[in-house]
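Take a look at the letters that make up each chain.
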Amino acid sequence: KQEVTQIPAALSVPEGENLVLNCSFTDSAIYNLQWFRQDPGKGLTSLLLIQSSQREQTSGRLNASLDKSSGRSTLYIAASQPGDSATYLCAVRGSGGSNYKLTFGKGTLLTVNP
Amino acid sequence: NAGVTQTPKFRVLKTGQSMTLLCAQDMNHEYMYWYRQDPGMGLRLIHYSVGEGTTAKGEVPDGYNVSRLKKQNFLLGLESAAPSQTSVYFCANLSKTVWTSGREYEQYFGPGTRLTVT
C-alpha cells in the first residue's frame, strides 16, 4: 500500500527566504506526482505535475524535483512571500491498474512572516 | 479550478437525516472522485467513477452512496447521517491529456462542501 509522508508538518519562515518542502513515498511504481496548494477553507489548487520519467518541473518561483528510485520529491519555493502562506500537499498517482488513484500526504503548513 | 463546482458549500444536518451533495464539471472528463478531508487524516477517497453509469468504492465508502447518471454530474448521498461524517467533502475530476510522449494525468478539485452532523 502506497504511503506518502511530508516533512515538516509545519514551517514558519521570514519573507524572502528560499525554502524546501519534502515528500517521500514508499512505492516507487508511480505514474506521476502532483503538488497542490490549499488555502484555509478552500479547495486544492494544482501547482506542478511531474511525470515519472521527468526529474523536475518549474513554474515561476516554484521548482519541484522527483527522484523516483529513492521515493522522494521536493518543492522549492524561491524568495518566499506572505501570499505563499498555505498548506502544500504532495500526491502520487499509482501506475498500471492503480493509475486511477491519487495517494496524498498530510501536508506541510507554511507560514511566511512579513 | 472553475471547471468543478460543488453544491452546497455548507450544510448542517441532524443525526439520521439524509442529503445529497452535487458535483458538476464543465469539462468532458471521464473520471470523477469524491474525497473527504479530516484534520490529521488527510484526504481519503470515498468513491470514484470511471465514466457515465459506473461507480466504484474507494478507501472509506461505508455510509455513502454515489451515482453518475450523466457524465457531467457525480452525486454523493448520505442516507442516514452520523456525527462521524462531519467533514469537508471534495469532488475532483481527472484530465487525461495525450501528448506525443504519452498521457498526462492531472487531477483538479472543486471548492469543497463543509458538512456538520449534530
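Residues numbered from 1 in each chain as written. Chains lettered and ligands numbered in written order. Predicted model: local features only at pLDDT ≥ 70, side-chain atom pairs only at ≥ 80, totals over all residues. Heavy atoms only, no water.

1. Quick word on the overall build of chain B
Moving on, step 1. When its secondary structure is counted, chain B shows 0 helices and 11 strands.
Moving on, step 2. Along chain B, from the amino end to the carboxyl end, the secondary structure elements read β-β-β-β-β-β-β-β-β-β-β.
Moving on, step 3. Considered along the principal axes of its C-alpha atoms, chain B spans approximately 50 × 30 × 25 Å.
Moving on, step 4. Residue burial in chain B is summarised as follows: out of 118 residues, 48% are buried.
Moving on, step 5. Sequence separation of at least 24 residues holds for 55% of the intrachain contacts in chain B that already meet a minimum separation of 6.
Moving on, step 6. Accessible surface for chain B amounts to roughly 5700 Å². Of this, 53% is attributable to carbon and sulfur atoms.
Moving on, step 7. Distance from the positive charge centre (12 side chains) to the negative charge centre (9 side chains) of chain B: 6 Å. (Helix = DSSP H or I, 4+ residues; strand = E, 2+ residues; numbered from the N terminus. Buried < 20%, exposed > 50% of the residue type's maximum accessible area, 1.4 Å probe, protein only. Contact = heavy atoms within 4.5 Å. Areas by Shrake-Rupley, 256 points an atom, 1.4 Å probe, with all protein chains shown as cover. Lys, Arg positive; Asp, Glu negative; His and termini not counted. Charge placed at Lys NZ, Arg CZ, Asp CG, Glu CD.)

2. A closer look at the nonpolar core
Moving on, step 1. The biggest cluster of nonpolar side chains holds 22 residues, and the ones touching the most others in it are Phe25, Leu33, Trp35, Leu75, Ile77, Tyr88 and Leu110 of chain A.
Moving on, step 2. For this core, the secondary-structure elements that each account for two or more residues are β3 (19-25), β4 (30-38), β5 (44-51), β7 (62-67), β8 (72-77), β9 (86-94) and β11 (108-113) of chain A.
Moving on, step 3. With near-sequence residues (within four places) excluded, Leu75 of chain A lies in contact with Leu19, Val20, Leu21, Trp35, Leu47, Leu48, Leu62, Asn63, Ala64 and Tyr88 of chain A.
Moving on, step 4. Core analysis: the second largest hydrophobic core is formed by 19 residues, Met19, Ile46, Phe74 and Leu78 of chain B among them. (Core = buried A, V, L, I, M, F, W, Y, C linked by side-chain atoms within 4.5 Å.)

3. A short note on the state of the cysteines
All names here are of chain A.
Moving on, step 1. This model, assessed by the stated rule, comprises 2 disulfides over all chains.
Moving on, step 2. The disulfide partner of Cys23 is Cys90, and the gap between their sulfur atoms is 2.0 Å. Looking down the S-S bond of the Cys23 and Cys90 bridge, the torsion is -60°, so its handedness is left-handed. Placement of Cys23 in strand β3 and of Cys90 in strand β9 is noted, with a sequence separation of 67 residues between them. (Disulfide = S-S within 2.5 Å.)

4. Details of the interface of chain B and chain A
Moving on, step 1. Residue-level contacts link 22 residues of chain B with 20 residues of chain A.
Moving on, step 2. Buried surface at the junction of chain B and chain A, summed over both partners, amounts to about 1700 Å²; 54% is from carbon and sulfur atoms.
Moving on, step 3. Summed over the three residues of chain B that lose the most area to chain A, namely Leu43, Tyr105 and Phe109 of chain B, the buried surface amounts to 29% of that side.
Moving on, step 4. For the pair chain B and chain A, the number of links is 0 salt bridges.
Moving on, step 5. The interface formed by chain B and chain A contains 7 residue pairs in polar contact (both at pLDDT 80 or more).
Moving on, step 6. Those elements that provide at least two residues to the side of chain B that touches chain A are β4 (32-38), β5 (42-49), β9 (87-99) and β10 (102-109) of chain B.
Moving on, step 7. Looking at the side of chain B that touches chain A, the element that brings in the most residues is β10 of chain B, giving 6 residues.
Moving on, step 8. Here the residues of the side of chain B that touches chain A are counted per class, giving 12 nonpolar, 5 polar and 5 charged. (Buried area = accessible area lost by both parts, 1.4 Å probe. Salt bridge = Lys/Arg side-chain N within 4 Å of Asp/Glu carboxyl O. Polar contact = N/O pair within 3.5 Å; in protein donor to acceptor, adjacent residues only side chain to side chain. Nonpolar A, V, L, I, M, F, W, Y, C, P; charged D, E, K, R; others polar.)

5. Re the pairing of β7 of chain A
Residues and elements named next belong to chain A.
Moving on, step 1. Examined bridge by bridge, strand β6 (residues 56-59) and β7 share 4 bridges and lie antiparallel to one another. Looking at β7, one finds that Glu56 is bridged to Ser65.
Moving on, step 2. Connecting the antiparallel pair β6 and β7 is a turn made up of 2 residues, with Gly60 showing a positive phi of about 60°.
Moving on, step 3. For β7 and β8, the ladder comprises 6 bridges, and the chain directions are antiparallel. (Pairing = 2+ DSSP bridges.)

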